[in-house]
Amino acid sequence: MTRYIFITGGVVSSLGKGIAAASLGAILESRGLAVTLLKLDPYINVDPGTMNPLQHGEVFVTEDGAETDLDLGHYERFVQTRMRRENNFTAGQIYESVLRKERRGAYLGKTVQVIPHITHEIQTFIERGVQAAKALPDIAIVEIGGTVGDIESLPFLEAARQMRLRLGQRQACFVHLTLVPYLPASSELKTKPTQHSVQKLREIGISPHALLCRADRDIPDEERAKISLFANVPQDAVISVRDVDNIYTIPHMLHAQGLDDLLCAELDLTPPPADLSVWTRMVDALEHPRRRAVIGLVGKYVDSAESYQSLVEALKHASIHTLTQVEIEYIDSEAIEQNGLSALDALDAILVPGGFGARGVEGKIAAIQYAREAKIPYLGICLGMQLAVIEFARHVVGLAHANSTEFDPATPYPVVALITEWCDRAGAVEKRSAHSNLGGTMRLGAQRAPVKAGTRAARMYGASVNERHRHRFEVNGRFVPQLEAHGMIISAATPKDQLPEMVELTETLHPWFIGVQFHPEFASTPRAGHPLFNRFVEAALQHQRARQLPAPAPLKMCHG
Ligand code: GLN
């Protein structure tokens, strides 16, 4: 039977509950337990698909095509279980489901209430998430979003309390993550907010079995004793979680303080000891790089690394696997539009990530043109590939004002468009696509496509590629012959509709220029890394070396 560990948060939000939950998952997995993780989001939106990345961070896409909370990305990076649609749900989904049942008459005329109907639905959704795992997990770590004390979190906490009551004491336990702030004025770590947030939990009938106390430093025994006394938690269950530069050190930090032993004892489990040697090796590689590369990320959310969370992590994974300190320089594409390209001068490589909407697009196109002409390694992801095609169409093929219909519906050359739009404008090849149900809707999740032999893509992926998508627009098949005639290779395309999935420039045109319609960053893990990001960093290093070499002396002509 699956045991549950509920993770709650107190005092403030953004304490890193997701990373703490994922790190705990990693330790338990290393002890031979099958682990899954769930994220419960108390907001009303049905999913984060339409939420602003600046407010909510990146939207993580699962293999089965769900748009989910970015914590699911942390889960997949820390444990080996793949997340599915059912691993994340929101209050919106719970209410939607309850309301649908109510309209069907499923409640037989009863008054439908938060308790028991909403709380019961939450428990059903939790169990559904656990059953979605390929093999029934030994442990499900259930992270409850929001902060204890929020009105909207209450039904979720209540559902967790009820669940433990129903399943039995040894079947479920609670871990609470709090903040212990340091006040410079009095040179003290303050435990009162933690005391209060645990009191708040106990008011609703939840007594945590362990406290993870975030602080900017180690929490000394004296403060831990105080927290233990006031929060009614044994002192060895007051775990100090200090700020770190490298999140992949957290499994070690938690294990060193005995968190996994404590929870296993609570849940009556006696698994073999933890083996964190893979994490030791990864941390060691990250902390001892042999070289350094600077990658320019040209985007519009430059103030929020969380908007590009998986991408930032994927580059970190490439750091591990190429022993390179990869530094990301965030470059605002709108600033390029205003101030020109000087910000791109000292870069070893350029990356344009996914994005939606017209703002900053021309700046990104200018950056891509610069990367292509100056032969700087370029990786374009999703929008970054579409813009690379637009740039190539405008400046190499000579199609002035080529664009995506997302940004210019009246463009004379819609080299990127909705499938339904090219059907309206063109002939036979496009007609075939009219039967595709992709047009105008989001293409989501993992899809397999064959890769053209002999390409750079084939060297990285082999005969086929199976990566996750999140986009509406496609490179317009009608323009493919012209793109190819000028040296752009379509190195992978969907089997049915021939939609370009990967593009690259011939080696005579550019040493390393690749665009991908999918999001490789969602599949990168610190253990395995990802060939596309590893090769990209290697290309950056090569460019850096080539740039540092002195220019060859001019040939002297000898006249005899
Ligand atoms: N806006 C583009 C589209 O919808 C690209 C999306 C993305 O980069 N994720 O196709």
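Residues numbered from 1 in each chain as written. Predicted model: local features only at pLDDT ≥ 70, side-chain atom pairs only at ≥ 80, totals over all residues. Heavy atoms only, no water.

As annotated in an unreviewed UniProt entry, the protein chain carries the name CTP synthase and comes from Candidatus Glomeribacter gigasporarum BEG34. The UniProt entry for the protein chain carries the following comment under Subunit (unreviewed entry): "Homotetramer." Reading the Pathway (unreviewed entry) entry of the UniProt record for the protein chain gives the comment "Pyrimidine metabolism; CTP biosynthesis via de novo pathway; CTP from UDP: step 2/2." (UniProt positions renumbered as here; feature names shortened; annotations may be inferred.)

**Digging into the overall build of the protein chain**
Across its full length, the protein chain carries 20 helices and 23 strands. At 26 Å, the protein chain has a C-alpha radius of gyration in line with the 24 Å of a compact globule built from 560 residues. The principal-axis extents of the C-alpha atoms in the protein chain amount to approximately 95 × 65 × 45 Å. In the protein chain, which comprises 560 residues, the share counted as buried stands at 57%. In the protein chain, the share of contacts with a sequence separation of at least 24, taken over all contacts with a separation of at least 6, comes to 72%. In the structure as shown, the protein chain presents an accessible area of about 23,600 Å², 52% of it carried by carbon and sulfur atoms. Mean positive and mean negative side-chain charge positions of the protein chain (57 and 64 charges, respectively) differ by 3 Å. (Helix = DSSP H or I, 4+ residues; strand = E, 2+ residues; numbered from the N terminus. Rg over C-alpha atoms; globule rule 2.2 N^0.38 Å. Buried < 20%, exposed > 50% of the residue type's maximum accessible area, 1.4 Å probe, protein only. Contact = heavy atoms within 4.5 Å. Areas by Shrake-Rupley, 256 points an atom, 1.4 Å probe, with all protein chains shown as cover. Lys, Arg positive; Asp, Glu negative; His and termini not counted. Charge placed at Lys NZ, Arg CZ, Asp CG, Glu CD.)

**A closer look at the UniProt feature "binding site: L-glutamine" (unreviewed entry) in the protein chain**
Here, the residues flagged by UniProt with the feature "binding site: L-glutamine" (unreviewed entry) are Gly 355, Leu 383, Gly 384, Met 385, Gln 386, Glu 406 and Arg 472. A compact arrangement is adopted by the annotated residues: their sequence extent is 118 residues, whereas the largest C-alpha distance between any two is 14.1 Å. Of the residues named above, Gly 355, Leu 383, Gln 386, Glu 406 and Arg 472 line the largest cavity. With respect to the secondary-structure elements, Leu 383 resides in helix α15 (residues 383–397). The exposure class of Leu 383 is buried, given its relative accessible area of 1%. Once residues within four sequence positions are removed from consideration, Leu 383 is found in contact with Pro 353, Gly 354, Gly 355, Phe 356, Lys 364 and Phe 407. With respect to the helices, strands and loops of the structure, Met 385 is situated in helix α15. For Met 385, a relative accessible area of 0% corresponds to the buried category. (1 Å grid on protein atoms, 1.4 Å probe; cavity = no way out; pocket = protein on both sides within 12 Å on 5 of 7 lines; lining within 4 Å.)

**Brief notes about empty space enclosed by the protein**
Tallied over the full model, the rule gives 1 cavity of 30 Å³ or more. Of the pockets and cavities examined, the largest cavity occupies roughly 80 Å³. In terms of lining residues, the largest cavity is bounded by Gly 355, Phe 356, Cys 382, Leu 383, Gln 386, Glu 406, Arg 470, His 471, Arg 472, Phe 473 and His 519. In the lining of the largest cavity, the residues fall into 4 nonpolar, 4 polar and 3 charged. (Points joined across faces, edges and corners; volume = space filled by probe spheres on them. Nonpolar A, V, L, I, M, F, W, Y, C, P; charged D, E, K, R; others polar.)

**Here's the deal with the site of the ligand**
All residues adjacent to the ligand are Gly 354, Gly 355, Phe 356, Cys 382, Leu 383, Gln 386, Glu 406, Arg 470, His 471, Arg 472, Phe 473 and His 519. Note that an oxygen atom of the ligand is positioned 3.0 Å from one of the backbone N or O atoms of Leu 383. For the ligand, whose accessible area on its own is 290 Å², the fraction buried by protein is 99%. Of all the cavities here, the one that holds the ligand is the largest cavity. (Near = heavy atom within 4 Å. Polar contact = N/O pair within 3.5 Å; in protein donor to acceptor, adjacent residues only side chain to side chain. Sits in = over half its atoms within 2 Å of the grid points.)

**A closer look at the pairing of strand β17 (residues 414–417)**
Note that strand β16 (residues 403–404) and β17 share 2 bridges and pair parallel. Considered in β17, the bridge of Ser 404 is made with Val 416. In terms of strand pairing, β17 meets strand β20 (residues 474–475) through 2 bridges, oriented antiparallel. When the sheet's bridge partners are listed, Val 416 is paired in β20 with Val 475. (Pairing = 2+ DSSP bridges.)

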